[in-house]
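Below are the chains, spelled out letter by letter.
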Number of protein chains: 2
Amino acid sequence: MSAVYLAQYWLQAPGELQRPSFSTVPVLANPAATAVCRLYVDCDLNCAFTSAFLTARVHPDDPYEVTRAQELNQLLGPKASGQAFDFVLDLHNTTASMGTCLMAESAHSVFAMHLCRHLQLQSPELPCRVFLHQLPGEESYSVNSMAKSGLGLELGPQPQGVLRADLLVRMRALVAAALDFIQLFSQGTAFPAFEMEVYRKVSSVDFPRTEAGDLAGNVHSQLQDQDFEPLRPGAPIFRMFSSKDVLYEGESTVYPVFINEAAYYEKDIHCLPPD
Amino acid sequence: MSAVYLAQYWLQAPGELQRPSFSTVPVLANPAATAVCRLYVDCDLNCAFTSAFLTARVHPDDPYEVTRAQELNQLLGPKASGQAFDFVLDLHNTTASMGTCLMAESAHSVFAMHLCRHLQLQSPELPCRVFLHQLPGEESYSVNSMAKSGLGLELGPQPQGVLRADLLVRMRALVAAALDFIQLFSQGTAFPAFEMEVYRKVSSVDFPRTEAGDLAGNVHSQLQDQDFEPLRPGAPIFRMFSSKDVLYEGESTVYPVFINEAAYYEKDIHCLPPD
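This report concerns the structure included in the present document. Numbering of residues begins from 1 in every chain and follows the order in which that chain's sequence is written. Here chains are named by letter from A upward and ligands by number from 1 upward, in the order in which they appear as written. Since the coordinates come from a predicted model, pLDDT governs what is reported: local features require at least 70, and pairs of side-chain atoms require 80 or more to be given and counted, while whole-chain, interface and lining totals use all residues. Each side-chain value is derived from all of the structure's non-hydrogen atoms; neither hydrogens nor water enter the calculation.

On to the pattern of salt bridges, then. The term salt bridge refers to a pairing of a side-chain nitrogen on Lys or Arg with a carboxyl oxygen on Asp or Glu at a separation within 4 Å. For the structure shown, the criterion picks out 18 salt bridges over all chains. Between R19 of chain B and D180 of chain B there is a salt bridge, with its nearest N and O atoms 2.8 Å apart. Here R19 of chain B, found in the loop between α1 (2-12) and α2 (31-35), pairs with D180 of chain B, found in helix α6 (residues 165-186); they are 161 residues apart in sequence, far enough to count as distant. Relative accessibility thresholds used throughout: buried, under 20% of the residue-type maximum; exposed, over 50%; partly exposed, between the two (1.4 Å probe, protein chains only). In this structure D180 of chain B comes out as partly exposed when scored by relative accessible area, which is 35%. In the salt-bridge network here, residues are joined through shared partners; they are R164 and D166 of chain A together with D225 of chain B. By the criteria applied, helices consist of DSSP H or I runs no shorter than four residues and strands consist of E runs no shorter than two, each listed in order from the N terminus.

Interface size is commonly expressed as the accessible surface area that is lost when the partners come together. We call two residues contacting when some pair of their heavy atoms lies within 4.5 Å. The interface of chain B with chain A comprises 26 residues on the first partner and 26 residues on the second. Summed over both sides, the interface between chain B and chain A buries roughly 2,100 Å², with carbon and sulfur atoms accounting for 58% of that surface. The interface formed by chain B and chain A holds two salt bridges in total. In this structure, R164 of chain B and D225 of chain A form a salt bridge, with 2.7 Å as the shortest nitrogen-oxygen distance. Throughout, buried area stands for the accessible area (probe radius 1.4 Å) lost by two parts on being put together, summed over both.

Another aspect to go through is helix α6 (residues 165-186) of chain A. One less than the residue count of a helix, multiplied by 1.5 Å, gives the span that helix is expected to have. With 22 residues, α6 of chain A extends 32 Å from end C-alpha to end C-alpha; this agrees with the ideal 32 Å at 1.5 Å per step. G188 of chain A sits one or two positions beyond α6 of chain A and adopts a positive phi of about 100°.

The subject of this paragraph is the sheet that holds strand β3 (residues 128-132) of chain A. All names here are of chain A. Two strands qualify as a pair provided that DSSP identifies no fewer than 2 bridges between them. Overall, mixed pairing links the five strands, which are arranged β1-β4-β2-β3-β5 in an open sheet. Unpaired on one side and paired on the other, β1 (87-93) and β5 (199-200) mark the two borders of the sheet. Strand direction decides the pairing type here: strand β2 (residues 99-104) and strand β4 (residues 149-156), joined by five bridges, are antiparallel. Bridge pairing in β4 links C101 to E154. Between N-to-C directions, angles cover 0 to 180 degrees, with each direction set by a line fitted to C-alpha atoms, over the stretch in contact for helices. Helix α5 (residues 110-122) contacts β1, β2, β3 and β4 of the sheet and is inclined by roughly 40° relative to β4.

So, about the relation of the copies chain B and chain A. A least-squares superposition brings the copies together, and it is based on the C-alpha atoms of residues with pLDDT no lower than 70 in both. Expressed as a screw transformation, the operator carrying chain B onto chain A has a rotation angle of 180° and an axial translation of 0.0 Å, and the superposed copies differ by an RMSD of 0.0 Å. Taken together, the rotation and translation relating the two chain copies correspond to the operation of a two-fold axis. Within chain B, P159 of chain B has its C-alpha nearest the rotation axis, a separation of 2.2 Å. Here 100% of the contact residues of chain B are again contact residues in chain A; the copies associate through an equivalent surface.

This part takes up the packing of α5 of chain A against α6 of chain A. All names here are of chain A. Where α5 contacts α6, the axes come no closer than 10 Å and their chain directions differ by 125°. Between α5 and α6, the crossing angle belongs to the class labelled oblique. The way α5 lies across α6 gives a crossing that is right-handed. Touching F111, H114, L115, H118, L119 and Q122 of α5 are L174, A177, A178, F181, I182, L184 and F185, all from α6. The labels follow the angle: roughly parallel below 35 degrees, roughly antiparallel above 145, roughly perpendicular from 65 to 115, and oblique for the rest. Take the far helix as the reference: if the near one is turned anticlockwise from it by less than a right angle, the crossing is left-handed, and if turned clockwise, right-handed.

Residue and element names in this part refer to chain A. In spatial order, the strands read β6-β7-β8; together these three strands make up an open sheet with antiparallel pairing. The open sheet has two edge strands, β6 (217-219) and β8 (245-247), and neither has a second partner. Ignoring strand direction, the axes of neighbouring strands in this sheet form an average angle of 30°. One ladder, built from three bridges, connects strand β7 (residues 236-240) with β8; its direction is antiparallel. The residue bridging R239 from the neighbouring strand is D245, located in β8.

Three or more residues of helix α1 (residues 2-12) of chain A are buried, namely S2, A3, Y5, L6, A7 and W10 of chain A. On its buried face, α1 of chain A is in contact with β1 and α6 of chain A.

Turning next to the environment of E229 of chain B. All names here are of chain B. As for its placement among the helices and strands, E229 is situated in the loop between β6 (217-219) and β7 (236-240). Separated by 125 residues in the primary sequence, E229 and A104 place their C-alpha atoms 20 Å from one another. Contact partners of E229, with chain neighbours within four places excluded, come to R129, V254, Y255 and P256.

Turning our attention to the pairing of β2 of chain A. Residues and elements named next belong to chain A. For β2, the tally of buried residues reaches five of six residues, placing the bulk of the element in the interior. The sheet contact formed by β2 and β3 spans five bridges and is parallel. Across the sheet, residue C101 finds its bridge partner in β3, namely R129. In the classification by handedness, the crossover that spans β2, the intervening α5 and the parallel β3 is right-handed. Place the viewer so that the strands point away; then a crossover is right-handed whenever the path from the first strand over the helix to the second strand goes clockwise.

Moving on: the packing of aromatic side chains. Paired rings are identified among Phe, Tyr and Trp, the last through its six-membered ring, by centres lying within 6.5 Å, and are further divided according to the angle between planes into stacked (under 30 degrees), edge-to-face (over 60) and tilted (the rest). Counting across every chain of the model gives 20 aromatic pairs over all chains. For the pair Y199 of chain A and F228 of chain A, a centre-to-centre distance of 4.7 Å together with 65° between the ring planes defines the contact as edge-to-face. Placement of Y199 of chain A in strand β5 and of F228 of chain A in the loop between β6 and β7 is noted, with a sequence separation of 29 residues between them. Accessibility assignment for this pair places Y199 of chain A and F228 of chain A in one class, buried. Ring geometry for F207 of chain B and F238 of chain B: centres 6.4 Å apart, planes at 45°, overall tilted. One end of the pair, F207 of chain B, is in the loop between β5 (199-200) and β6; the other, F238 of chain B, is in strand β7, and 31 residues separate them in sequence.

That is the geometry; function is a separate question.
This is the structure:
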């Protein structure tokens, strides 16, 4: 709810977002889902920005989010065109204990990586991890990819439907710092080269399910709230309702994120590809 | 989700709930709301068990929860009749940091108060507060009141739509201990008199809202997660989006509960009284 309330506030009072060298437009990305306090109506909006969805012929039976992705592409893009917005800052919350996480597509997003560095240096006392979410060879699919460059903020933990003061203040400060960075860049400020620790996506692991697709176990107590902490081969990751533990069977240490995120309980949250 | 998954599990495997001297029936109280992962479909079920709702003539336009309350009254009651179930244990979760909270109607619920004492003694290392939720002169309105006696368990914090291992284990252990207590009672065990600290409801405070009913501020960072901690006159309770603080203006120290509970963001969650 941090992002939803901030967007609604800025739509009434946009002055806070303005800087001398550029203008900023607040957008509530999924107003239909916001109205019913859900992540989405038909499927996850933030996976619907592939060229297959954006160029599909409009059909009255299209999922709401596919239609909305096309609208946002008109507003912020068109994707990969010269007319597209210069930058999109995409604001998210999670029920997982991810603290402040900066979601970039890849390390090749140079402008976004410099922004990440700038945000980390603003509050060195707070962990502010960088997560690269694009798999090698994968097409960009997020709302950021409508613009020439972009970055996602993922703040948690916060329950769905709840507005926590700490995350609201943190998100507002991060947005202000990001706008200040763009202002510095536009003024010609030079940003030195740097080295940075990043996390990159390896794969996704679904909840254990029955054949019918219902939940068959829960995230193990030893893994709960351990986002960005090392998970070693053989450590428990789920406990089945039958009391059996499921262990991590990979060969190398990984650093799980989005642990027990509420939005991932549902199966098949992705929009079905158009015909 | 702790209570929902436990109920679904027990419906498949009811043996865990059985004791020699009595039988136990698991009931999923609001299956339509469970199916859409919400607290309710039309209005809060747990306020719909007043005699006005239970005796109202059935109408096709009735809210789902009013119809469901009448069904549960047939199953567990009828309320205040000799045929009613002896005991209802009503399992809940909250997004508030309430730890383990036992919800009894009043200190006159002698059986429930002895059960509270028994549960407190089972895990003396964990805070296990007793909250008396009925205001003086108020009619009983909860699902517990269908039975001759009852108790609610309120465990948190847990986001809506999430199943946390710690709360699942805790709720399952509390239910087992409650059934063991009833078994001891049925066998003729005597329970000595005791003194106990309880919290009782004084009043409810809604979120600050605009004239249109939209949220106009958030729970103050100094109050967030401070359930059952003393709130003194003059302390901040909300921060308006305009940055002004709202202070607690009462004359005596109180102990807030359900701080920033997700279900209370919506206005008018109560079922409208029947004509």
